[in-house]
Amino acid sequence: MDDKAAGPITVMIASDRQALLLTWVARLKREPGIELNAESFGDPARLGYGIEQKPPAVLLLDKAMLDRLDGESIERTRALFENTRVLLLWDEVCEGLVVDVLRYRFHGFLLTSCLREAGLQSIRAVSRGELWLSRIALANAIADLLPATPRTDAAKPLYLARNSTALTRREQQIVELLRCGCTNKEIANELGVMEDTVKKHLQSVFSKLGVHRRALVSLHPHLAASSRT
């Protein structure tokens, strides 16, 4: 379905971190096809009220706010999510992030530092009823919910087998877009380079991180530190 034909996507941003809230408001307020609700709530106690008064198509919910809600408030607010798609916002891919998405029946997660195009892509995708989760992230989250079993060194995944080598600035940009679900073509368009250039950078990233599949890049334990350098 054509997003324009379907009308604008109403988006609410829920964060009690003022800098994050202002950044995302500035990022989305003039974007064609996106309509921000008149008020984006930074107070956890007012979140449910805001959704009830003017239900958005997509809610960007800061994990920091989710963590401040008590169980009763989460259950009461979640009951209002029937017609709202929820993307959990957080600063990095961390343990328990995707588990929270599954536990609360959200529709995916989005990195707060994600580039503009990747953020818009995720909003449009979940508004169409899609989930914004990679298969590898989903599989690992399900494994986290199951009883833990001892693992030997031989059973460790390949992406933990080698020491991380610092990524270049361009490689970090490509990894960030990859983690947000972009294809090679979309990464190339966002960065203004050829698709073959993206493939060459990804080969270098795979070699440095010791992985052989792009899905494993998202969960590499050293990426969060590398992306902030």
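Below: a short report on this structure. Note that the structure is a prediction, hence the values are computed from the model and not measured. (Residues numbered from 1 in each chain as written. Predicted model: local features only at pLDDT ≥ 70, side-chain atom pairs only at ≥ 80, totals over all residues. Heavy atoms only, no water.)

One finds Val11, Trp24, Leu28, Val58, Leu60, Ile123 and Ile187 to be the most contacted residues of the largest nonpolar core, which totals 38 residues. If sequence neighbours within four positions are ignored, Val11 has contacts with Leu28, Ile34, Glu35, Leu36, Asn37, Pro56, Val58, Leu60 and Ile123. One finds Met12, Ala14, Met65 and Val86 within the second-largest nonpolar core, a separate group that totals 21 residues. (Core = buried A, V, L, I, M, F, W, Y, C linked by side-chain atoms within 4.5 Å. Buried < 20%, exposed > 50% of the residue type's maximum accessible area, 1.4 Å probe, protein only. Contact = heavy atoms within 4.5 Å.)

With that settled, the discussion passes to the sheet that holds strand E1 (residues 9-14). Across the sheet, five strands lie side by side as E2-E1-E3-E4-E5; this open sheet has parallel pairing. Of all the strands in the sheet, just strand E2 (34-36) and strand E5 (109-111) have a single pairing partner and so form its edges. With strand direction ignored, the average angle separating the axes of adjacent strands in the sheet is 30°. Pairing of strand E3 (residues 58-62) with strand E4 (residues 85-90), which is carried by five bridges, proceeds in the parallel orientation. Note on E4: the bridge partner recorded for Val58 is Arg85. (Pairing = 2+ DSSP bridges. Helix = DSSP H or I, 4+ residues; strand = E, 2+ residues; numbered from the N terminus. Axes fitted to C-alpha atoms, helices over the stretch in contact; angles between N-to-C directions.)

The next thing to look at is the packing of helix H8 (residues 169-179) against helix H10 (residues 195-209). Think of two packed helices as two axes; the pair is described by the angle between the axes and how far apart they sit. Close contact between H8 and H10 brings their axes to 10 Å; oriented N to C, the two are set at 95°. Relative to H10, H8 is oriented roughly perpendicular. On H10, the residues touching Arg170, Glu171, Ile174, Val175 and Leu178 of H8 are Val198, His201, Leu202, Ser204, Val205 and Lys208. When grouped by side-chain class, the residues that make up the contact of H8 with H10 number six nonpolar, two polar and three charged. (Parallel < 35°, antiparallel > 145°, perpendicular 65-115°, else oblique. Nonpolar A, V, L, I, M, F, W, Y, C, P; charged D, E, K, R; others polar.)

Here we take up the pattern of salt bridges. For the structure on display, the rule yields nine salt bridges. Arg68 is the salt-bridge partner of Asp16, the closest N and O atoms lying 2.1 Å from each other. Placement of Asp16 in the loop between E1 and helix H1 (18-28) and of Arg68 in the loop between helix H3 (63-66) and helix H4 (71-78) is noted, with a sequence separation of 52 residues between them. With relative accessibility at 26%, the residue Asp16 sits in the partly exposed group. Owing to a relative accessible area of 55%, Arg68 belongs among the exposed residues under this scheme. Salt-bridge contacts for Glu31 lead to Arg116; the nearest nitrogen and oxygen are separated by 3.5 Å. Linking Glu31 in the loop between H1 and E2 with Arg116 in helix H6 (residues 116-127), this pair joins segments that are 85 residues apart in sequence. Look at Arg116 and you get partly exposed, because its relative accessible area is 41%. The structure contains a network of salt bridges with shared partners spanning Lys63, Asp67, Asp100 and Arg103. (Salt bridge = Lys/Arg side-chain N within 4 Å of Asp/Glu carboxyl O.)

Summed over the entire model, instances satisfying the criterion amount to one aromatic pair. Aromatic side chains Tyr104 and Phe106 sit 5.7 Å apart centroid to centroid with 35° between the ring planes, which places their arrangement in the tilted category. For the pair formed by Tyr104 and Phe106, the shared burial category is buried. Here the basic side chain of Lys63 rests over the ring of Trp90, its NZ or CZ set 5.5 Å away from the ring centre. (Phe/Tyr/Trp six-rings, centres within 6.5 Å; stacked < 30°, edge-to-face > 60°. Lys NZ or Arg CZ within 6 Å of the ring centre and 35° of its normal.)

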